[in-house]
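# Understanding the architecture of this molecule
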Amino acid sequence: MRGHSFLTMVLMVVAMVGCSSSNEDELRQWLTEQRNQTQPRVTPLAEPKQFKPESYAQAASVEPFSKEKLAQALKRDSAQTSSNVALIAPELARRKEALEGYPLDTMVMVGSLTKEGRPVALIKVDTLLYQVRPGSYLGQNYGRVMKISETEITLREIVQDAVGEWVERPFSLQLQERSK
């Protein structure tokens, strides 16, 4: 135990000798030299821009929050709503057809023919086969058959857009070849 305390004391003496004032003096001298050599570089600020007052030209126009502006916007919205109602009202008043109960993606066009000089398309839904003519309705979005060709049925659907307004959208069903 005595040897251990002696060794600890010797190490403390060596550490104190290492931190003598001579190294501290050298360090202070070096710091002083560095401070004297370093010159701060400050860029001067730019001159402020001259302020030029502008006259307010919109003082005579309609205030954005006035009652007149609100009335104009409401008239414009009611005109759009009436055109949307005119688009969807006839669809709501008529009797639904059988194929309006199925989504269009469940329908498959399997053929076409001409009957009494008018084109007729053959539509398969589940295991049932339906005949469709121009003017018939398909799908759940008020889809009306506009044209039938040998390979395609062209529809016009009435759907709501992101804003909630009713718009017409074209859609087509292509003839599906039977795979073996």
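Residues numbered from 1 in each chain as written. Predicted model: local features only at pLDDT ≥ 70, side-chain atom pairs only at ≥ 80, totals over all residues. Heavy atoms only, no water.

## Brief notes about the overall build of the protein
- In terms of regular secondary structure, the protein is built from three helices and seven strands.
- Taken from N to C terminus, the helices and strands of the protein fall in the order α-α-α-β-β-β-β-β-β-β.
- A separation threshold of at least 6 residues defines the contact pool for the protein, and within that pool the share at least 24 residues apart is 40%.
- As displayed, the protein offers around 15,100 Å² of accessible surface, 57% of which is attributable to carbon and sulfur atoms. (Helix = DSSP H or I, 4+ residues; strand = E, 2+ residues; numbered from the N terminus. Contact = heavy atoms within 4.5 Å. Areas by Shrake-Rupley, 256 points an atom, 1.4 Å probe, with all protein chains shown as cover.)

## Some thoughts on the sheet that holds strand 3 (residues 128–132)
- In space, the three strands of this open sheet follow the order 1-2-3, with antiparallel pairing throughout. The sheet is open, and its two edges are formed by strand 1 (107–115) and strand 3, each paired on a single side. Neighbour to neighbour, the strand axes of the sheet diverge by 25° on average, direction disregarded. (Pairing = 2+ DSSP bridges. Axes fitted to C-alpha atoms, helices over the stretch in contact; angles between N-to-C directions.)

## A few points about the environment of T154
- Position of T154 among the secondary structure elements: in strand 6 (residues 152–160).
- On the accessibility criterion, T154 (25% relative accessible area) is partly exposed.
- Separated by 18 residues in the primary sequence, T154 and S172 place their C-alpha atoms 4.5 Å from one another.
- Filtering out sequence-adjacent residues up to four positions away, T154 remains in contact with R144, V145, M146, K147, F171 and S172. (Buried < 20%, exposed > 50% of the residue type's maximum accessible area, 1.4 Å probe, protein only.)

## Some words on the packing of aromatic side chains
- Counting across every chain of the model gives zero aromatic pairs.
- Sitting over the ring of Y137, R94 keeps its end group 3.3 Å from the ring centre. (Phe/Tyr/Trp six-rings, centres within 6.5 Å; stacked < 30°, edge-to-face > 60°. Lys NZ or Arg CZ within 6 Å of the ring centre and 35° of its normal.)

## Overview of the sheet that holds strand 5 (residues 143–148)
- What the four strands build is an open sheet, ordered 4-5-6-7; its pairing is antiparallel. Two strands in the sheet have a free side with no partner beyond their single neighbour: strand 4 (137–138) and strand 7 (166–174).
- Direction of pairing for strand 5 relative to strand 6: antiparallel, over a ladder of four bridges. Across the sheet, I148 pairs through a bridge with I153, a residue of strand 6.

## Observations concerning the pattern of salt bridges
- All told, the structure shown has four salt bridges when counted by the stated rule.
- Linking E168 and R156 is a salt bridge whose minimum nitrogen-to-oxygen distance equals 3.4 Å. Here E168 is found in strand 7, whereas its partner R156 is found in strand 6, with twelve residues between them in sequence.
- What makes E168 partly exposed here is its relative accessible area of 46%.
- One salt bridge in this structure joins R169 and E157, with 2.7 Å as the shortest N-O distance. In this pair, R169 sits in strand 7 while E157 sits in strand 6, placing the two residues twelve residues apart along the sequence.
- Take E157: its relative accessible area is 2%, and that puts it in the buried class. (Salt bridge = Lys/Arg side-chain N within 4 Å of Asp/Glu carboxyl O.)

## A closer look at the side chain of E100
- Tracing the sequence through the fold places E100 in the loop between helix 3 (67–93) and strand 1.
- A relative accessible area of 8% means that E100 is categorised as buried.
- A polar side-chain atom of E100 sits 2.7 Å from a polar atom in the side chain of R94.
- Among the polar contacts listed, one links the side chain of E100 to the backbone nitrogen of E97, at a separation of 2.8 Å.
- If we ignore the near neighbours within four places in the chain, the residues touching E100 are R94, R95, Y137, L138, G139, Q140 and Y142. (Polar contact = N/O pair within 3.5 Å; in protein donor to acceptor, adjacent residues only side chain to side chain.)

## Description of the side chain of S136
- Assignment of secondary structure puts S136 in the loop between strand 3 and strand 4.
- Among the polar contacts made by the side chain of S136, one reaches the main-chain carbonyl oxygen of R133 at a distance of 2.9 Å.
- In contact with S136, not counting residues within four places along its chain, are E97, G143, R144 and V145.

Just geometry here; none of it tells us what the structure is for.
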